[in-house]
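Results of the structural survey
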Protein chains: 2
Amino acid sequence: MNIDKIVAKISQFIEVKPEEFDTFMQFASVKQLKKNEIWEHEGDLGKLMGFVNNGILRQFYLKEGNEFTDQFYCEGDFVGNFVSYVKQKPSRSAIQALTDTELIVVSFDNVQKMYDLMPSMDRFGRLFAEQRLVEFSDRITSFLLDPPEERYRQLIEEKPNLLVDIPQYYIAQYLGIRPESLSRIRKRNKM
Amino acid sequence: MNIDKIVAKISQFIEVKPEEFDTFMQFASVKQLKKNEIWEHEGDLGKLMGFVNNGILRQFYLKEGNEFTDQFYCEGDFVGNFVSYVKQKPSRSAIQALTDTELIVVSFDNVQKMYDLMPSMDRFGRLFAEQRLVEFSDRITSFLLDPPEERYRQLIEEKPNLLVDIPQYYIAQYLGIRPESLSRIRKRNKM
DNA sequence: CCCATTTATTGACCCAAGTCAATGACTTTG
DNA sequence: CAAAGTCATTGACTTGGGTCAATAAATGGG
């Protein structure tokens, strides 16, 4: 199990002692996903948290036969049905690998155990949640302030690899528009 | 200083010992705001956190002469330029009281001190941030899945008092549409 | 390398929100 | 109470995204 990336990630937030990582790794396992494989299904209760060692995933909703992509998860991100877990309600969304993907997986129950065992974990959880909060807040603000065109520009600037690694219609779903409209936006602006 | 509501709020997340609340209150002060008064200005670095004892506030952005309301804060909510504080960058948004308002105010710096002094505070911060995260996530999902009409219906169901206490055009700003469009939506659906 | 499948583009048309301007309703206050 | 100001509604028109269908381009498996 290659833990370099997850060590680096957690160390961005708190100092971690080597023996704490040993504890962490006792709870962890590796999961390989093939392209297009569904990892967490709609209707599941969020039970697992993953760290993306490599690959891209998306979280999506179905409504009236259409798919809506809510989030992308890329290398270095934590992925999971957090909302379902926090609410303790079955998830309305599913999580799917868009490329071959490797995850380091820990159950939320074991994450809870770590919160109780390791004093620094609550702080990590807080700082991590605060950072996600800022990302979510920025996305909401962008829905209010920026037209789809501008949201597309920003997304591609932030995550240029999306454009090469996954079909455009997932990007359209994420922006809240139809693939045809994204195609026209790209044409209008020669992107 | 009436601390009943804030005690109740924090107790939803963690158990607090009376002496811990004493510590908390040493850091806190009360701030009265008049209707339409700006509490935090655009360009300020987020320095203060408030707890809404009563009243309604909004956080808003200016873009090309238009105002965009990003968040409402009602009785029992924590209000502040969290994003600016976390990023340590001047805020692009302002916070304004929409009715006469009473806040219990603590500086973010003192909140940090409490994180270090009181072991349970990191957990409170984590749980609180997790809950906000779920709210934000639901709002993003709603931007993707639901037309403005449906978002309006849900907002009014959740916070019916908004409709009586503040002008409709703030609600339109929050939904991401123009006041004229909200007026037409209400007419179409006899709301 | 070819064929089947998937993905992206384009066209024609529709509709809901945006824009601008005018009017109506309601509030505040001198 | 009258006048000013604020807020909501309505009308006429524009615009950009949605929808459906056809075609083109890219991809992947045999």
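Refer to the preceding data block for the structure.
Remember, predicted model here, so these are calculated numbers, not experimental data.

**Focus: the sheet that holds strand S6 (residues 78–80) of chain A**
Residue and element names in this part refer to chain A. Strand order in this open sheet of four strands is S1-S8-S3-S6, and the pairing throughout is antiparallel. The open sheet has two edge strands, strand S1 (29–33) and S6, and neither has a second partner. Between one strand axis and the next, the sheet turns by 35° as a mean value, whatever way the strands run. Of the pairings in the sheet, the one linking strand S3 (residues 48–54) to S6 comprises three bridges and is antiparallel in character. Among the inter-strand pairings, glycine 50 is bridged to a residue of S6, identified as valine 79. The sheet strands contacting helix H1 (residues 4–11) are S3, S6 and strand S8 (101–107), and the helix crosses S3 at an angle near 110°.

**So, the relation of the copies chain B and chain A**
Taken as rigid bodies, chain B and chain A are interconverted by a rotation of 180° and an axial shift of 0.0 Å, the fit giving an RMSD of 0.0 Å. The two molecules are tied by a two-fold rotation axis, judged by turn and shift. The C-alpha atom lying nearest the rotation axis in chain B is that of arginine 126 of chain B; the distance is 1.9 Å. A share of 100% of interface residues in chain B that are also interface residues in chain A marks the association as one of identical surfaces.

**Observations regarding the protein's contact with DNA strand D**
Looking at DNA strand D, there are 16 residues lining it, with Arg178 and Ser181 of chain A together with Gln168, Tyr169 and Arg184 of chain B nearest. If you look at DNA strand D and keep only atoms within 4 Å of the protein, 65% of those are sugar or phosphate atoms. Here a phosphate oxygen of DNA strand D and a backbone polar atom of glutamine 168 of chain B are 2.7 Å apart. At the level of secondary structure, the elements contributing two or more residues to the surface near DNA strand D comprise helix H9 (179–188) of chain A together with helix H8 (168–175) and helix H9 (179–188) of chain B. If one sorts the elements of the surface near DNA strand D by residue count, H9 of chain B sits on top with five residues. When grouped by side-chain class, the residues that make up the surface near DNA strand D number four nonpolar, four polar and eight charged.

**Details of the nonpolar core**
Counting residues in hydrophobic clusters, the biggest one holds 23 residues, and the most contacted among them are Ile6, Ile10, Phe24, Phe78, Val106, Met114 and Phe124 of chain A. Of all the secondary structure elements, the ones that give two or more residues to this core are H1, helix H2 (18–27), S3, S8, helix H4 (108–117) and helix H5 (119–145) of chain A. Filtering out sequence-adjacent residues up to four positions away, phenylalanine 124 of chain A remains in contact with Ile10, Phe13, Ile14 and Phe78 of chain A. Of all hydrophobic cores here, the second largest spans 22 residues; its members include Ile14, Phe24, Met25 and Phe128 of chain B.

**Considerations on the side chain of threonine 99 of chain A**
Residue and element names in this part refer to chain A. By the element assignment, threonine 99 lies in the loop between strand S7 (93–97) and S8. Among the polar contacts made by the side chain of threonine 99, one reaches the main-chain amide nitrogen of isoleucine 56 at a distance of 3.1 Å. Contacts of threonine 99, omitting those with residues within four sequence positions, involve Leu33, Lys34, Lys35, Gly55, Ile56 and Asp165.

**Examining the protein's contact with DNA strand C**
If you check the shell around DNA strand C, you find 16 residues, and the closest are Gln168, Tyr169, Arg184 and Lys187 of chain A together with Ser181 of chain B. In the environment of DNA strand C, a phosphate oxygen lies 2.9 Å from a nitrogen or oxygen atom belonging to the backbone of arginine 178 of chain B. Every element with two or more residues in the surface near DNA strand C is listed here: helix H8 (168–175) and H9 of chain A together with H9 of chain B. The element that contributes the greatest number of residues to the surface near DNA strand C is H9 of chain A, accounting for five residues. Of the residues belonging to the surface near DNA strand C, the class tally is four nonpolar, four polar and eight charged.

**Comments concerning the side chain of glutamate 102 of chain A**
Residues and elements named next belong to chain A. Its place among the elements puts glutamate 102 in strand S8. One buried charge, glutamate 102, has no salt-bridge partner; the nearest side chain with opposite charge is lysine 5, at 7.3 Å. The residues touching glutamate 102, leaving out its near neighbours within four places in the chain, are Val30, Lys31, Gln32, Phe51, Val52, Asn53 and Asn54.

**A few points about the pairing of strand S5 (residues 66–73) of chain B**
Residue and element names in this part refer to chain B. The buried fraction of S5 amounts to six of the eight residues, a majority that puts the element mostly inside the structure. Where strand S4 (residues 57–63) and S5 come together, seven bridges link them in antiparallel fashion. Bridge pairing in S5 places glutamine 59 opposite glutamine 71. Connecting S4 to the next strand, S5, in antiparallel fashion are two residues, including glutamate 64 with a positive phi near 50°.

**Thoughts on the interface of chain B and chain A**
How big an interface is tends to be expressed through the accessible area that disappears when the partners come together. Taken together, the contacts link 35 residues of chain B with 35 residues of chain A. With both sides pooled, the region where chain B packs onto chain A buries about 3400 Å², and carbon together with sulfur makes up 66% of that total. The tally of links between chain B and chain A comes to ten salt bridges. Here aspartate 146 of chain B and lysine 63 of chain A are joined by a salt bridge, their closest N and O atoms 2.8 Å apart. Inspection of the chain B/chain A interface yields 16 residue pairs in polar contact (both at pLDDT 80 or more). Within the residue set of the side of chain B that touches chain A, elements represented by two or more residues are S4, S5, helix H3 (82–87), helix H4 (108–117), helix H5 (119–145) and H8 of chain B. With 18 residues, the top contributor of residues to the side of chain B that touches chain A is H5 of chain B. Its residues assigned to classes, the side of chain B that touches chain A comprises 15 nonpolar, seven polar and 13 charged.

Conventions we followed
- Residue positions are given per chain, counting from 1 as you read along its sequence in written order.
- The order in which chains are written sets their letters, starting at A; the order in which ligands are written sets their numbers, starting at 1.
- A pLDDT threshold of at least 70 governs which residues receive local features in this predicted model, and a stricter bar of 80 or more applies before side-chain atom pairs are shown or counted, although totals over entire chains, interfaces and linings include all residues.
- Side-chain figures throughout are based on the complete set of non-hydrogen atoms in the structure, without hydrogens or water.
- Should DSSP find at least two bridges between two strands, the strands are regarded as paired.
- In this text, helices come from DSSP runs of H or I with a minimum length of four residues, and strands from runs of E with a minimum of two, each type numbered from the N-terminal end.
- All axes here are fitted lines through C-alpha atoms, helices being fitted over the stretch that makes contact, and every angle between N-to-C directions spans 0 to 180 degrees.
- Throughout, a contact is declared for two residues whenever any of their heavy atoms are within 4.5 Å.
- Least-squares superposition aligns the copies on the C-alpha atoms of those residues with pLDDT at or above 70 in both.
- In these notes, residues near a molecule or strand are those with any non-hydrogen atom within 4 Å of it.
- Whenever two N or O atoms come within 3.5 Å, that pair is a polar contact, provided that in protein one can donate a hydrogen and the other can accept it, and provided that, for residues adjacent in sequence, both atoms are side-chain atoms.
- Residue type decides the class: Asp, Glu, Lys and Arg count as charged, Ala, Val, Leu, Ile, Met, Phe, Trp, Tyr, Cys and Pro as nonpolar, and the leftover types, Gly among them, as polar.
- Definition of nonpolar core: a set of buried residues of the types Ala, Val, Leu, Ile, Met, Phe, Trp, Tyr and Cys, connected through side-chain atoms within 4.5 Å.
- Relative accessibility decides the category of a residue: with a 1.4 Å probe and only protein chains considered, values under 20% of the type maximum give buried, values over 50% give exposed, and everything between is partly exposed.
- Charge assignment: positive for Lys and Arg, negative for Asp and Glu; neither His nor the chain ends contribute.
- Within this document, salt bridges are pairs made up of a side-chain nitrogen of Lys or Arg and a carboxyl oxygen of Asp or Glu, the two lying within 4 Å of each other.
- Computed with a 1.4 Å rolling probe, the buried area is the accessible surface lost when two parts are put together, summed over both parts.

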